[in-house]
Amino acid sequence: YFAAIDSDARRKDCEALATLMTKATKYPPKMWGSSIVGFGSYHYKYESGREGDSCLVGFSSRKGDISVYGLSAAVDAEELITTLGKHKAGKGCVYIKTLADVDLKALAKLVASAAVEKKRQHA
């Protein structure tokens, strides 16, 4: 997956992010589909009966940025996200242009907390 990323800078950011998320979650990276690098897993079941498995947290290198998934599950997520640095926040994602734009300690804290909380919620 990383080898297919055209930009050297983006590839290095994604490799560094995978290392950061592995340390923060204590889970190894795993591909979820063709474009999401995920860490840990949980089982979900909707009221409709639909169920499946997903990663606790993950990321994907997209055209304009790196999308980081699952951070909203962190304890005090909204407050922590404000300490992150330059980013955009969506409904379920945080979008980062480059890792140099964000506080890596804040990101690691968010990732760790989100993984623990999501696991706890679905235990």
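Because the structure is predicted, anything quoted here is derived from the model rather than measured. Throughout, residues of each chain are indexed from 1 in the direction in which the sequence is written. Only residues with pLDDT of 70 or above have their local features reported here, since the model is predicted, and side-chain atom pairs are shown and tallied only from 80 upward, although totals for entire chains, interfaces and linings are computed over all residues. Remark: hydrogens and water are excluded; side-chain values derive from all non-hydrogen atoms of the structure.

Turning our attention to unusual backbone geometry. Comment: phi is negative for the bulk of residues other than glycine, and the bulk of peptide bonds are trans. Phi is positive for Lys26, which is not a glycine, with a value near 70°. A 1.4 Å probe rolled over the protein chains alone gives each residue an accessible area, and that area as a share of the maximum for its type sets the label: buried under 20%, exposed over 50%, partly exposed in between. Residue Lys26 is classed as exposed on the basis of its relative accessible area of 69%.

Residues spaced three or four apart along an α-helix face the same direction, because each turn holds 3.6 residues. Here helix H1 (residues 8-25) is 18 residues long and its end C-alpha atoms lie 26 Å apart, about the 26 Å a rise of 1.5 Å per residue gives. Each helix is a run of DSSP H or I of at least 4 residues and each strand a run of E of at least 2, with the numbering of both proceeding from the N terminus. Taken together, the buried positions of H1 are occupied by Arg10, Asp13, Cys14, Leu17, Ala18, Leu20, Met21, Ala24 and Thr25. A contact between two residues is defined here by any heavy atoms of the two lying within 4.5 Å. Tucked into the core, H1 has its buried residues touching strand E2 (36-39), strand E5 (57-61), strand E6 (66-69) and helix H3 (104-121). By the criterion applied in these results, polar contacts are pairs of N or O atoms within 3.5 Å in which, for protein atoms, one can donate a hydrogen and the other can accept it, and in which residues neighboring in sequence qualify only through two side-chain atoms. N-capping of H1 is provided by Ser7, with a side-chain oxygen placed 3.4 Å from the backbone N of Ala9. A positive phi of about 70° marks Lys26, the residue just after H1. To estimate the expected span of a helix, subtract one from its residue number and multiply by 1.5 Å.

The next point concerns the pairing of E5. Across the 5 residues of E5, 5 count as buried, placing the element largely inside the fold. Here E5 shows two buried faces, one formed by Val57, Phe59 and Ser61 and the other by Gly58 and Ser60. Two strands pair when backbone bridges link them, and E5 and E6 are joined in this way by 4 bridges, in the antiparallel orientation. Its bridge partner lying in E6, Gly58 is registered against Tyr69. Hairpin remark: E5 followed by E6, antiparallel, with 4 residues in the connecting loop. DSSP calls a pair of strands paired once it identifies at least 2 bridges connecting them.

Glancing now at the packing of aromatic side chains. Aromatic contacts are taken between Phe, Tyr and Trp rings whose centres are within 6.5 Å, Trp giving its six-membered ring; a plane angle under 30 degrees counts as stacked, one over 60 as edge-to-face, and the others as tilted. By the definition in use, this model includes 5 aromatic pairs. With centroids separated by 6.2 Å and ring planes inclined at 55°, the aromatic side chains of Tyr42 and Tyr44 adopt a geometry described as tilted. Comparing Tyr42 with Tyr44 shows no difference in burial state: the two are buried. Among the aromatic residues, those joined into a cluster by ring pairs are Tyr1, Phe2, Phe39 and Phe59.

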